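# Commentary on secondary and tertiary structure
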Amino acid sequence: MNDSTDLLGRFRLDGKVALVTGGTRGIGLAIAHALGQAGARVFISGRKDGEEAAEMLRAAGHEASFLAADLSEPAAPDRMVADVVDAAGRLDILVNNAGIAIHGDTVDFSDEDLDRLMSLNVDAVFRCCRAAIPAMRSAGSGAIVNVGSMSGIASNIPQNQVAYNSSKAAVHMMTKSLASELALEDIRVNALAPGYIQTDMSQGGIDNPEWFPIWRDMTPMQRVGQPEEVATAALFLASPAASYITGAVLVIDGGYTTR
Ligand code: NDP
């Protein structure tokens with residue numbers, strides 16, 4: 001290596017095509033911004049309000065499009081990935097970010113809620129990866145970033161959320177297993193494990209006077225994170241800057257899981 005090696009350039013994604021599920025708000029929208037700033041053409045998906053989000057991305061100077069998809073439907077991931085390849089001719093980066101959290105005591109947790117949660121948080125992640133692999137093979141390489149959670153590592157309190165925590169642990173293991181399967185094809189698969197991040201999903205807990213002091217006091221940095229603090233990590237894992245990283249679960253939790 002010499003001084004002229006452009007290490008910062010390894011964070012660039014010019015000419016790459018990225019798909020961010022659940023990219024219409026919160027962490028997903030911040031990730032779409034980061035990938036767009038690095039030069040990628042970005043597709044965001046969600047069930048609604050996506051045109052406004054895509055317009056925000058375009059106003060920021062990025063090439064961005066919205067694809068409507070309810071990923072809890074088994075046929076949706078194939079259709080969504082085919083739409084990206086039809087429009088852009090390739091797919092290089094997949095960020096599996098769409099997810100929901102449902103709290104509740106286990107004995108009262110309904111089958112309907114269990115299905116709704118697992119079909120999006122686990123099954124859709126598997127199906128989106130499965131749909132994207134052929135396109136990444138055609139492109140000659142690829143990067144998948146799955147959004148897991150610190151809840152896949154530690155049983156955070158005070159809210160009971162056994163199904164959610166289990167779904168995120170599944171995402172972490174899916175990440176490692178797929179990374180192993182695809183390593184020789186230059187398709188890297190990594191996960192992010194965020195702690196409490198301020199979004200629509202977490203706002204109810206942040207506003208809850210019984211929950212929030214516990215969330216804050218159990219976090220060594222004594223604050224929640226912002227979506228942009230996850231987005232920069234997603235950009236890193238999606239970019240050539242992380243070219244020797246596959247199968248990693250990168251924790252972004254203000255230190256929560258250190259204790
Ligand atoms: P938000 O609720 O703010 O955003 C969720 C996104 O997913 C939206 O774009 C939403 O769009 C989309 N989505 C929800 N349901 C579906 C569906 N059935 N089909 C397609 N898209 C869907 O969540 P966050 O930004 O907070 O969370 C993003 C990810 O980060 C999730 O996987 C979450 O589990 C994870 N995470 C979040 C943490 C936090 O503290 N916020 C902490 C750790 C992990 P729409 O509703 O229009 O479909």
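In case you missed it, the structure is sitting above this.
Residues numbered from 1 in each chain as written. Predicted model: local features only at pLDDT ≥ 70, side-chain atom pairs only at ≥ 80, totals over all residues. Heavy atoms only, no water.

### A word on the packing of aromatic side chains
Going by this rule: The rule is short: rings of Phe, Tyr and Trp, with Trp giving its six-membered ring, pair when the centres are within 6.5 Å, and they are stacked under 30 degrees, edge-to-face over 60, tilted in between. Runs of E in the DSSP output that reach at least two residues are strands. Runs of H or I that reach at least four are helices, and both are numbered from the N terminus. With a 1.4 Å probe rolled over the protein chains alone, any residue whose accessible area is under 20% of its type maximum counts as buried; one over 50% counts as exposed, and the rest are partly exposed.
Scanning the entire structure with this criterion turns up four aromatic pairs. When the centroid spacing of 6.2 Å and the interplanar angle of 35 degrees are considered together, the rings of Phe11 and Phe236 count as tilted. Of this pair, Phe11 sits in the segment before strand 1 (17–21) while Phe236 sits in helix 8 (residues 227–238), and the two are 225 residues apart along the sequence. Overall, Phe11 belongs to the partly exposed group, its relative accessible area being 31%. Given a relative accessible area of 25%, Phe236 falls into the partly exposed group. Look at Trp211 and Trp215: their rings are 6.1 Å apart centre to centre, the planes differ by 35 degrees, and that puts the pair in the tilted class.

### Remarks on the packing of helix 1 (residues 26–37) against helix 2 (residues 50–59)
When two helices pack together, their arrangement is given by the angle between their axes and by how far apart the axes lie. Where we set the bar: Fitting a line to C-alpha atoms yields each axis, with helices limited to the stretch in contact; the angle taken between N-to-C directions then spans 0 to 180 degrees. Note on terminology: angles under 35 degrees are roughly parallel, angles over 145 are roughly antiparallel, angles of 65 to 115 are roughly perpendicular, and the others are oblique. Helix crossings fall into two classes, left-handed where the near helix is turned counterclockwise from the far one by less than a right angle and right-handed where it is turned clockwise. We call two residues contacting when some pair of their heavy atoms lies within 4.5 Å. Residues are grouped as follows: Ala, Val, Leu, Ile, Met, Phe, Trp, Tyr, Cys and Pro are nonpolar; Asp, Glu, Lys and Arg are charged; all remaining types, including Gly, are polar.
The interhelical angle for the contact between helix 1 and helix 2, taken along N-to-C directions, is 30 degrees, at an axis separation of 10 Å. When the axis of helix 1 is compared with that of helix 2, the two are roughly parallel. Helix 2 is crossed by helix 1, and the crossing has right-handed handedness. Contacts between helix 1 and helix 2 involve Leu29, Ala32 and His33 from the former and Ala53, Met56 and Leu57 from the latter. Looking at the contact of helix 1 with helix 2, its residues break down into five nonpolar, one polar and no charged.

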